[in-house]
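An overview of the molecular structure
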Amino acid sequence: MSSFNEAVLLQVGINVLLALGYWIAVSTGKYSFGHTAFMAIGAYTASILTLNFAWPLPLAMAASGVTAAVAGALIGWMALRLSLLYLAIITFVFSQLINLLISQWDYVDGASGMVGMTGTTVPLVLGCVVLVVAYLVLLSRSRLGLAHKAIREDERAAMASGLRITRIAVGAFATSAAVTGVAGALSAHQLMVITPELFGPHQALVIILYCVLGGVEYFWGAAIGAIVLSLLPIYFDWLNEWYEIVYGLLFVALMIVRPQGLIGRGGDGGIRLPRLVPRRERESVG
């Protein structure tokens, strides 16, 4: 395999992991606008362990996943009981705080970033993708997966049926953060250099767009969205300088033309995006 093809496979595989990780949170109808925080936590945790403590990369990846999961559970417990508007604000602010802390932390060289991480290989990335896909296949066929879908479709009905929606949503958010943290660790050891700029709002937009493009109804829709958007800048060089504008316009167009994504049922069976403000609050304002 040529070095170019290997680099493409690594990038696509890591982006698929990011999309699948984000989809786990979205499967409960909870849209985070700061998942790059968990990616940064995973990247810096693994980099510190491999560079400063000589840990093997697989063990450092496991630690980064656990660290990101703990952070995800804490943020999820505070934010997931709120409406989408407040969830978006809290997760976005959290990601900016993490970015600011990393930028000023001398132990990881602050804004200059960390350099010298290696070890990401195609079998390692593909193995992680296979494990996550296997988990999602089992999840989709389980009672927990049905609970995720019930919460996403109608949270009030799910609560009335006896589901502990906060506990389920927090668990999904923590799992989502863990997968994203592992993807961040793999990305750091593929790029061999990480800086706080890599985990800014632009990366958060790209992760969201993976799921929006493919569709949030099925996890493989998010994977297809990640594959398509990963290959576009590689085979269309002009997108390297304009991809943020193009992706932003694509996001707006999808919301208008096909909000359920490329893979998703249209009409009455399509995915309805949650309201930014609950109906009760809008009625009280009216």
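Structure report, in brief. No experiment lies behind these values; they were computed from the predicted model shown. (Residues numbered from 1 in each chain as written. Predicted model: local features only at pLDDT ≥ 70, side-chain atom pairs only at ≥ 80, totals over all residues. Heavy atoms only, no water.)

Scanning the entire structure with this criterion turns up 6 aromatic pairs. Seen in terms of ring centroids, tryptophan 23 and phenylalanine 219 are 6.1 Å apart; in terms of plane orientation they differ by 70°. Their pairing is edge-to-face. On the criterion of sequence distance, the pair formed by tryptophan 23 in helix α1 (residues 3–26) and phenylalanine 219 in helix α10 (residues 219–235) is long-range, its members being 196 residues apart. Residue phenylalanine 219 is classed as buried on the basis of its relative accessible area of 12%. Members of the aromatic cluster, connected to one another through ring pairs, are Phe38, Phe94 and Phe173. (Phe/Tyr/Trp six-rings, centres within 6.5 Å; stacked < 30°, edge-to-face > 60°. Helix = DSSP H or I, 4+ residues; strand = E, 2+ residues; numbered from the N terminus. Buried < 20%, exposed > 50% of the residue type's maximum accessible area, 1.4 Å probe, protein only.)

Right, let's get into the pattern of salt bridges. For the structure shown, the criterion picks out 2 salt bridges. Between glutamate 155 and lysine 30 there is a salt bridge whose closest N-O contact spans 2.8 Å. With glutamate 155 in helix α7 (residues 155–160) and lysine 30 in the loop between α1 and α2 (36–52), this pair connects stretches of sequence that are 125 residues apart. Note on lysine 30: relative accessible area 7%, which makes it buried. As a salt-bridge pair, glutamate 153 and arginine 152 come within 3.9 Å of each other at their nearest N and O atoms. Overall, arginine 152 belongs to the buried group, its relative accessible area being 16%. (Salt bridge = Lys/Arg side-chain N within 4 Å of Asp/Glu carboxyl O.)

Glancing now at the packing of helix α3 (residues 57–79) against helix α4 (residues 84–103). In the contact formed by α3 and α4, the axes pass within 10 Å of each other and the chain directions differ by 145°. α4 is crossed by α3, and the crossing has right-handed handedness. On the side of α3, the interface is formed by Ala71, Ile75 and Ala79, while α4 contributes Leu87, Ile90, Thr91 and Phe94. Tallied by class, the residues present in the contact of α3 with α4 amount to 6 nonpolar, 1 polar and no charged. (Axes fitted to C-alpha atoms, helices over the stretch in contact; angles between N-to-C directions. Left-handed = near helix turned anticlockwise from the far one by under 90°. Contact = heavy atoms within 4.5 Å. Nonpolar A, V, L, I, M, F, W, Y, C, P; charged D, E, K, R; others polar.)

All right, on to the packing of α2 against α3 then. One way to put it is that α2 packs onto α3 with a least axis distance of 8 Å and a crossing angle of 145°. As for the relative orientation of α2 and α3, their crossing is right-handed in sense. Contacts between α2 and α3 involve Phe38, Ile41, Gly42, Thr45, Ala46, Leu49 and Thr50 from the former and Leu57, Ala60, Ala63, Ser64, Thr67, Ala68, Ala71 and Gly72 from the latter. When the residues that make up the contact of α2 with α3 are grouped by side-chain class, the tally is 9 nonpolar, 6 polar and no charged.

A separate point is the environment of valine 228. With respect to the helices and strands, the residue valine 228 is situated in helix α10. Using a relative accessible area of 34% as the deciding quantity, one classes valine 228 as partly exposed. Measuring from C-alpha to C-alpha, the distance between valine 228 and glycine 214 comes to 8.9 Å, with 14 residues separating the pair along the chain.

Moving on: the nonpolar core. One finds Leu17, Phe38, Phe94, Leu136, Leu186 and Ile194 to be the most contacted residues of the largest nonpolar core, which totals 78 residues. At 14 residues, the largest contribution of residues to this core is made by α1. Dropping the residues within four chain positions of it, isoleucine 194 is found in contact with Ala43, Tyr44, Ser47, Ser112, Gly113, Met114, Met117, Ala188 and Phe199. Within the second largest apolar cluster, 5 residues are counted, among which are Ala147, Ala158, Ile165 and Ile168. (Core = buried A, V, L, I, M, F, W, Y, C linked by side-chain atoms within 4.5 Å.)

Looking now at the environment of isoleucine 168. Inspection of the secondary structure puts isoleucine 168 in helix α8 (residues 165–191). Residues isoleucine 168 and isoleucine 151, 17 residues apart in the sequence, show an inter-C-alpha distance of 9.0 Å. Residues in contact with isoleucine 168, not counting those within four places in the same chain, are Leu144, Ala147, His148, Ile151 and Leu163.

Right, let's talk about the side chain of serine 32 for a bit. As for its position among the elements, serine 32 is in the loop between α1 and α2. Apart from residues no more than four positions distant in its own chain, serine 32 is found in contact with Tyr22, Thr91, Phe173 and Ile208.

Attention now moves to unusual backbone geometry. Despite not being glycine, aspartate 109 shows a phi value in the positive range, around 65°. Tracing the chain through its elements places aspartate 109 in the loop between α4 and β1 (114–115). Here aspartate 109 falls in the partly exposed class, since its relative accessible area comes to 47%. Here methionine 192, not a glycine, exhibits a phi torsion of approximately 70°, which is positive.

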